[in-house]
Amino acid sequence: MRDVASERYVEKRPAVVERVVTLEVNGRTYTLRLDTRVTLLDALRDRLGLVGTKKGCDQGACGACTVHVDGRRVLSCLTLAAQAEGRRITTVEGISGGDEPHPVQRAFMEHDGFQCGFCTPGQIMSAVALMAEGRAGSDEEIREFMSGNLCRCGAYPNIVAAIREAASGGGRDAHL
Ligand code: FES
Ligand code: FES
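Summarised in this report is the structure supplied together with it.

Criteria and thresholds
- Throughout, residues of each chain are indexed from 1 in the direction in which the sequence is written.
- Whichever chain is written first is A, and whichever ligand is written first is 1; the rest continue in order.
- Local features are withheld for residues below a pLDDT of 70 in this predicted model, meaning they are given only at 70 or higher, and side-chain atom pairs are given and counted only at 80 or more; totals for whole chains, interfaces and linings count all residues.
- Calculated side-chain values reflect all of the structure's heavy atoms, with hydrogen atoms and water omitted.
- Helix and strand definitions follow DSSP, with helices as H or I runs of at least four residues and strands as E runs of at least two, each counted in order from the N terminus.
- Buried, partly exposed and exposed residues are distinguished by accessible area as a fraction of the type maximum, computed with a 1.4 Å probe on protein chains only: under 20%, between the cut-offs, and over 50%, respectively.
- It only takes one pair of heavy atoms within 4.5 Å for two residues to be counted as in contact.
- Shrake-Rupley sampling with a 1.4 Å probe provides the accessible areas, and residues are treated as covered by the protein chains on show and by no other component.
- Two strands pair under a simple rule: DSSP has to find at least two bridges between them.
- Every axis corresponds to a line fitted to the C-alpha atoms, with the helix fit spanning only the stretch in contact, and the corresponding angles, defined between N-to-C directions, vary from 0 to 180 degrees.
- The term salt bridge refers to a side-chain nitrogen of Lys or Arg lying within 4 Å of a carboxyl oxygen of Asp or Glu.
- In this description, a nonpolar core means a group of buried Ala, Val, Leu, Ile, Met, Phe, Trp, Tyr and Cys residues linked to one another through side-chain atoms lying within 4.5 Å.

### What about the overall build of the chain?
Piece 1. For the chain, the count of helices and strands is five helices and five strands.
Piece 2. When the elements of the chain are put in sequence order from the N terminus, they spell out β-β-α-β-β-β-α-α-α-α.
Piece 3. A total of 176 residues make up the chain; the buried ones form 39% of that total.
Piece 4. Pairs at least 24 apart in sequence give 54% of the contacts found in the chain among residues at least 6 apart.
Piece 5. For the chain, the exposed area adds up to about 10000 Å²; of that, 48% sits on carbon and sulfur atoms.

Now the structure itself:
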């Protein structure tokens, strides 16, 4: 008869691999020892305290975690922190470059482009990138190229209005 009590279950977990990663975020350099599986999103929020970048779905579906890497928008929940080493990372805390809000931030405030505000940092980061990409030529184009950023409050009309205004005037001095 089989002696189940004497059989031991040995859980096989992958070994944790850590490495030192140097990240340049908003013009500052940070050196961190990280598990190589840590996402850029978790490194920004949990290790650097940059909680402006939001965790919504954590699986690439909502856009709340959008940041810029070398001027291009990326989903930080799908990017490993180690992959961003040596790249220029910008979060919502770093787009204004001073005490004044970025023109896109100002336009969101003027047009009530948010309700609860949870999606707003990601919306703003996408909007700034979209303007730099030359994708803000019409409301249709703005909707299309902002479609990766979901807003559960449904503030879409005001978000489009804010980006339209920023792109047509107030956003002329927008920068990445
Ligand atoms: Fe990254 Fe939703 S948290 S896409
Ligand atoms: Fe609430 Fe967009 S303002 S989710």
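Continuing now.
### Notes on the pairing of strand E4 (residues 72-75)
Piece 1. In this structure, strand E3 (residues 66-69) lies alongside E4, joined through four bridges in antiparallel fashion. Bridge assignment links Val 67 to a residue of E4, and that residue is Val 74.
Piece 2. Here E3 hands over to E4 after two residues, with Asp 70 in that stretch at a positive phi of 50°.

### Notes on the environment of Gly 63
Piece 1. The residue Gly 63 is located in the loop between helix H1 (40-47) and E3 in this model.
Piece 2. Under the relative-accessibility criterion, Gly 63 is labelled buried at 3%.
Piece 3. Spatially, the C-alpha atom of Gly 63 lies 6.5 Å from that of Leu 75, the residues being 12 residues apart in sequence.
Piece 4. The residues touching Gly 63, leaving out its near neighbours within four places in the chain, are Leu 75, Gly 122, Gly 148 and Asn 149.

### Some thoughts on the sheet that holds E4
Piece 1. Reading across from one edge, E2-E1-E5-E3-E4 is the order of the five strands in this open sheet, with mixed pairing throughout. Of all the strands in the sheet, the pair left with one neighbour each is strand E2 (28-35) and E4. Ignoring strand direction, the axes of neighbouring strands in this sheet form an average angle of 40°.
Piece 2. Note that E3 and strand E5 (residues 88-90) share two bridges and pair antiparallel. Among the inter-strand pairings, His 68 is bridged to a residue of E5, identified as Thr 90.
Piece 3. Across the sheet, helix H3 (residues 120-132) is in contact with E3, E4 and E5; its angle to E3 comes to roughly 40°.

### Describing the pattern of salt bridges
Piece 1. The full count for this structure, using the stated rule, is nine salt bridges.
Piece 2. Here Asp 42 and Lys 55 are joined by a salt bridge, their closest N and O atoms 2.8 Å apart. In this pair, Asp 42 sits in helix H1 while Lys 55 sits in the loop between H1 and E3, placing the two residues 13 residues apart along the sequence.
Piece 3. Of the residues examined, Lys 55 reaches a relative accessible area of 33% and is grouped as partly exposed.
Piece 4. We note a salt bridge from Lys 55 to Asp 58, for which the minimum N-O separation is 3.7 Å.
Piece 5. Note on Asp 58: relative accessible area 37%, which makes it partly exposed.
Piece 6. Taken together, the salt bridges that share partners define one network made up of Asp 42, Lys 55 and Asp 58.

### Considering the nonpolar core
Piece 1. Core analysis: the biggest nonpolar cluster contains 21 residues, and Val 104, Phe 108 and Ile 163 have the highest contact counts within it.
Piece 2. Those elements giving two or more residues to this core turn out to be helix H2 (103-110), H3 and helix H5 (156-170).
Piece 3. Element by element, the count of residues in this core is highest for H3, at six residues.
Piece 4. Excluding residues that lie within four positions of it along the chain, Ile 163 makes contacts with Phe 108, Ala 127, Leu 130, Ala 136, Ile 142 and Met 146.

### A short note on H2
Piece 1. Listed as buried for H2 are Pro 103, Val 104, Gln 105, Ala 107 and Phe 108.
Piece 2. Just beyond H2, the residue with positive phi is Asp 112, at close to 50°.

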